[in-house]
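Architecture at a glance
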Amino acid sequence: MKKDKLWFRAVKGVVKIFIKKPKFVFLGEPYRSGDVLLSNHVGSSGPLTLECYSNPPVRLWGTYEMNSGLRSTYRYLVHTYYHQKKGWNLTLARIFCLLAAPLANMFYKGLQLTSTYPDARFCGTIKKSYKILEGGENICIFPEDSSRGYFDKLTLFHEGFITFADYCLKKGMDLSIFVAYFHKKSRTFIVDAPFKYSAVKAEGGSRKDLAKRICDRCNELGARQEEAYSEAAAAKKAKK
C-alpha cells in the first residue's frame, strides 16, 4: 500500500488546511485493493482532494511534464495549465508560476505520480501501473479531455485507460473499475458501483464507444449530485 515519506505527510498536513475534507458517497462497494478509479479532474481540485483524503489511498496518473523537474513544471503550468486551460493572461501566468512552480514541483516529488505520455513512452506507464495494481495499490485516472479547459459536463474520455485495461486483461487481470465524479460545490465524491472491464467490453462497440459510455455515466453522476445539491440549497433557503 502507498506510504508517504515523513516530509510529504507534513506537506499534506499544510495542504489540508486549505482543502476541506470531502464527503465520499458510494453507490456500491468501495474501492479497496488493486482497483481503478476513473474521475473528473476539476482543475487541481480532484487530484489534490483524492491525494489528501482518499481512504484507502490511490496512486494518480498525471502528465509527465509535472513529473520531470522544475523547468518542465514551470513551462507546463504557464503555457498549458494557466494560459491554455484556465485562460489566464500569459504574463500573469509567468509571474505567478515563479512562486507556484517550485511549490508544485516539491509537492509532485512526494506524490509518487505515475507519468503519462502522448507517445510510445506510454507503454512504460502501462507496465508500471500493472505492477502497482499487482502490489495491491489503487490507481486513479483522469481521462477527460481538458485541452480547452475543465467543464462540469465532460465532453469526452481519452482512450488510454482502455489500452491499460486491455493490457491487464491479457495478463489475466480483469480490472474492477469505479467511475467517480467530484462535485466541487458540495465537496462530494460520488462513486458508482464497480464494474468488471471484461463485462463492459463484452457489450461490444468500438473503443470510442466504450469511452463515451463511461464518460456519459460520469456525467450522470455529476448531474445526480448537482440535483441533490440544488434541492438541499432550496430547502435551506425555504427555512429562512
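Here we take up the overall build of the protein chain. Helix and strand counts for the protein chain come out as eight helices and eight strands. On the principal axes, the C-alpha backbone points of the protein chain span a range of 55 × 50 × 35 Å. By residue count, 46% of the 240 residues in the protein chain fall in the buried class. Across the protein chain, the fraction of contacts at a sequence separation of at least 24, relative to all contacts at a separation of at least 6, is 74%. Of the accessible surface of the protein chain, which amounts to about 12,900 Å², a share of 56% is contributed by carbon and sulfur atoms. Computing the positive centroid from 40 side-chain charges and the negative centroid from 22, the protein chain places the two 8 Å apart.

What follows deals with the packing of helix H5 (residues 122–134) against helix H6 (residues 160–170). Relative to each other, H5 and H6 sit at 55°, their axes nearing to 10 Å. For the element pair H5 / H6, the angle class is oblique. Judged by the sense of rotation from one axis to the other, the crossing of H5 with H6 is right-handed. Contacts between H5 and H6 involve Phe 122, Ile 126, Lys 127, Ser 129, Tyr 130 and Leu 133 from the first element and Gly 160, Thr 163, Phe 164, Tyr 167 and Cys 168 from the second. Its residues assigned to classes, the contact of H5 with H6 comprises seven nonpolar, three polar and one charged.

With that settled, consider helix H3 (residues 70–85). Within H3, the axis deviates most sharply at Leu 77, by approximately 40°. Within H3, burial applies to Ser 72, Thr 73, Tyr 76, Leu 77, Val 78, Tyr 81, Tyr 82 and Lys 85. Of the residues trailing H3, Gly 87 is marked for its positive phi of about 80°.

Two side chains bearing opposite charge may form a pair once their charged atoms approach each other closely. On inspection of all chains with the given rule, the structure shows 12 salt bridges. Among the salt bridges present, the one from Glu 226 reaches Lys 185, with a minimum N-O distance of 3.0 Å. Here the residue Glu 226 occupies a position in helix H8 (residues 207–239), and Lys 185 occupies one in the loop between strand S6 (176–183) and strand S7 (188–191), the gap between them amounting to 41 residues. The salt bridge involving Arg 217 is made with Asp 192; its shortest N-O contact spans 2.6 Å. Of this pair, Arg 217 sits in helix H8 while Asp 192 is found in the loop between S7 and strand S8 (195–196), placing the two residues 25 residues apart along the sequence. Here Arg 217 falls in the partly exposed class, since its relative accessible area comes to 27%. Each member of the salt-bridge network shares a partner with another, and the members are Glu 159, Asp 166, Lys 201 and Arg 207.

Covered by surrounding structure in strand S5 (residues 138–141) are Asn 138 and Cys 140 together with Ile 139 and Ile 141, the residues of both alternating faces. Of the pairings in the sheet, the one linking strand S2 (residues 36–39) to S5 comprises three bridges and is parallel in character. Paired with Val 36 across the bridge in S5 is Ile 139. Across three bridges, the pairing between strand S3 (residues 58–63) and S5 is parallel. Counterpart to Val 58 in the pairing with S5 is Asn 138.

Per the counting criterion, the structure on display carries 17 aromatic pairs. When the ring of Trp 7 is compared with that of Phe 8, the centres are 5.7 Å apart and the planes differ by 70°; the resulting orientation is edge-to-face. Judged by relative accessible area, Phe 8 falls into the buried class, the value being 0%. What links up through ring pairs into an aromatic cluster is the set Phe 24, Phe 26, Tyr 31, Phe 178, Phe 182 and Phe 189. The side chain of Arg 121 reaches across the aromatic face of Tyr 64, ending 4.9 Å from its centre.

Of all hydrophobic cores here, the largest spans 32 residues; its most connected members are Phe 164 and Leu 175. Among the elements that line this core, the one with the most residues is H8, at six residues. Grouped together as the second largest cluster of nonpolar side chains are 22 residues, Val 11, Leu 111, Phe 182 and Phe 189 included.

Reading guide: rules and limits
- Residues numbered from 1 in each chain as written.
- Predicted model: local features only at pLDDT ≥ 70, side-chain atom pairs only at ≥ 80, totals over all residues.
- Heavy atoms only, no water.
- Helix = DSSP H or I, 4+ residues; strand = E, 2+ residues; numbered from the N terminus.
- Buried < 20%, exposed > 50% of the residue type's maximum accessible area, 1.4 Å probe, protein only.
- Contact = heavy atoms within 4.5 Å.
- Areas by Shrake-Rupley, 256 points an atom, 1.4 Å probe, with all protein chains shown as cover.
- Lys, Arg positive; Asp, Glu negative; His and termini not counted.
- Charge placed at Lys NZ, Arg CZ, Asp CG, Glu CD.
- Axes fitted to C-alpha atoms, helices over the stretch in contact; angles between N-to-C directions.
- Parallel < 35°, antiparallel > 145°, perpendicular 65-115°, else oblique.
- Left-handed = near helix turned anticlockwise from the far one by under 90°.
- Nonpolar A, V, L, I, M, F, W, Y, C, P; charged D, E, K, R; others polar.
- Bend = angle between axes of the 7 residues up to and from the residue.
- Salt bridge = Lys/Arg side-chain N within 4 Å of Asp/Glu carboxyl O.
- Pairing = 2+ DSSP bridges.
- Phe/Tyr/Trp six-rings, centres within 6.5 Å; stacked < 30°, edge-to-face > 60°.
- Lys NZ or Arg CZ within 6 Å of the ring centre and 35° of its normal.
- Core = buried A, V, L, I, M, F, W, Y, C linked by side-chain atoms within 4.5 Å.

Coordinates in, geometry out; function isn't part of it.
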